[in-house]
Protein chains: 2
Amino acid sequence: MTDEKDTRRRILATAADLFRRQGYSGTGLSQVLAAAQVPKGTLYHHFPGGKEQLGVEAVRAGGAEIRALLESLIAGAGRPGDALDGTVRLFRAALESSDYTEGCPVATVALESAGCDPLRAACDEAYRSWTDLIATALGRWEVPADRHDDLATTILATLEGALLLARVRRDTAPLDAAARQLRVLVDAAVPAGAR
Amino acid sequence: MTDEKDTRRRILATAADLFRRQGYSGTGLSQVLAAAQVPKGTLYHHFPGGKEQLGVEAVRAGGAEIRALLESLIAGAGRPGDALDGTVRLFRAALESSDYTEGCPVATVALESAGCDPLRAACDEAYRSWTDLIATALGRWEVPADRHDDLATTILATLEGALLLARVRRDTAPLDAAARQLRVLVDAAVPAGAR
DNA sequence: CACTAGACCGACCGGTCGGTCTAGTGTGGT
DNA sequence: ACCACACTAGACCGACCGGTCGGTCTAGTG
């Protein structure tokens, strides 16, 4: 009974983890199978679409995970800077505890997604949902409406870039530096009364 | 005489282009060879280190190319915003003319570089050189010294993230949005007298 | 107890991977 | 004329790729 849908879930979680760290092309199905302790045939029972379906669902799962994380951080934050700090703290912990292999669960796949449109679309969808979430939150914090989209996009872009730099450098310094400057930018956009 | 070192150069240029668009794992040596019109033996004559050497040199070449580009843009710019605009304009053109496959020549490889340290180190080196260049330029524009590193890192991170978002979205809007917000951030750091 | 549906299994497929090896080929030095 | 050598060339290798296949096992049903 524990294996009812557990096998499928385990395959997906393992694949998502490996894709996040090694990329889509860089991860073989046999590696996923070995790590999840699942034979080949079982994979194709649960994911008839093969590797591509696995990739799309892994990106969707990663997207949903981060979205939930952002939602709770935003809900619990009194000011934009608090939500920003919370986000950075979590990613910093992920980087450090994984020897700088776990960054954004979407970015690695995203940059390889040229030539496979379903994969690209899944990444796009994830990024859009995060951007929308951030833009809405900025509205709550009384940031002028004409800057919601620009600022939300910039916040996401800066964090994504900082995660990339931090991974390559094996140091969270770029993430911290970016967070400090983002805070300057965001605070300046919040009316003094709402700060 | 045209083929003196031309073959090697052609292999490297082809590989760099394919790595940039499809990633390291996603690009097979046979694809490089076919695109460069070069047989296999020739590749291993010029690159005895195999695919890894090709990857490292491709990243270095991409790093040098962008560094040269930044240098000339910075030298020709009166204010920080001008250099920023020039950079964004070039990347926007690259994205649009390549159907959104040509972004940063380092980023795609960088995110796959976990598990291959020479590759990771080459990416790190490229990013460091760009950051140093930007930080030095900020000094010329009289940005306070204690913000050089943070700002330079943030500018690079934001551009990298924006390029990623633009590729996935197949739209330059994220790049433009990020550029506008970066300009706000940078202009605010330049003393009014120097602006 | 016969039957069925679907989860699960792993041998096997053609193709491609990165990499090696040997056989030319053209050119410059002597 | 000769050789040495940098270079070109592609046949070839074992390993591994993503994917398919026929089949077993088990829980549920009439």
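Every value quoted in this text rests on a predicted model; they were computed, and no experiment measured them.

Enquirer: Let's hear about helix α9 (residues 173–189) of chain A: which residues, and what values?
Expert: Residues spaced three or four apart along an α-helix point in a common direction, a consequence of the helix completing one turn every 3.6 residues. The terminal C-alpha atoms of α9(A), which comprises 17 residues, lie 25 Å apart, in line with the 24 Å expected from a rise of 1.5 Å per residue. By the burial criterion, the buried members of α9(A) are A:Pro174, A:Leu175, A:Asp176, A:Ala177, A:Ala178, A:Ala179, A:Gln181, A:Leu182, A:Leu185, A:Val186 and A:Ala189. Contacts made by the buried residues of α9(A) are with α5 (80–97) and α8 (148–169) of chain A together with α8 (148–169) and α9 (173–189) of chain B.

Enquirer: Let's hear about the interface of chain B and chain A: which residues, and what values?
Expert: Counting residues at the interface gives 40 residues for chain B and 40 residues for chain A. Between chain B and chain A, roughly 3,500 Å² of surface is buried when both sides are summed, and carbon and sulfur atoms account for 67% of that area. When the buried area of chain B at its contact with chain A is split by residue, B:Leu111, B:Val168 and B:Gln181 rank highest and sum to 21% of it. Where chain B touches chain A, the interface holds 2 salt bridges. In this structure, B:Asp150 and A:Arg180 form a salt bridge, with 2.6 Å as the shortest nitrogen-oxygen distance. Put simply, chain B and chain A have 7 residue pairs in polar contact (both at pLDDT 80 or more) between them. Mapped by element, the contributors of at least two residues to the side of chain B that touches chain A are α1 (6–22), α6 (107–112), α7 (117–140), α8 and α9 of chain B. Tallying contributions element by element places α8(B) first for the side of chain B that touches chain A, with 15 residues.

Enquirer: Please give an account of unusual backbone geometry that cites residues and values.
Expert: Phi at A:Glu142 takes a positive value of approximately 65 degrees, unusual for a residue other than glycine. For A:Glu142, the location among the structural elements is in the loop between α7 (117–140) and α8. Positive phi, close to 65 degrees, is recorded for B:Tyr100, a residue that is not glycine. Relative to the assigned elements, B:Tyr100 resides in the loop between α5 (80–97) and α6. Given a relative accessible area of 15%, B:Tyr100 falls into the buried group.

Conventions we followed
- Residues numbered from 1 in each chain as written.
- Chains lettered and ligands numbered in written order.
- Predicted model: local features only at pLDDT ≥ 70, side-chain atom pairs only at ≥ 80, totals over all residues.
- Heavy atoms only, no water.
- Helix = DSSP H or I, 4+ residues; strand = E, 2+ residues; numbered from the N terminus.
- Expected span 1.5 Å × (residues − 1).
- Buried < 20%, exposed > 50% of the residue type's maximum accessible area, 1.4 Å probe, protein only.
- Contact = heavy atoms within 4.5 Å.
- Buried area = accessible area lost by both parts, 1.4 Å probe.
- Salt bridge = Lys/Arg side-chain N within 4 Å of Asp/Glu carboxyl O.
- Polar contact = N/O pair within 3.5 Å; in protein donor to acceptor, adjacent residues only side chain to side chain.

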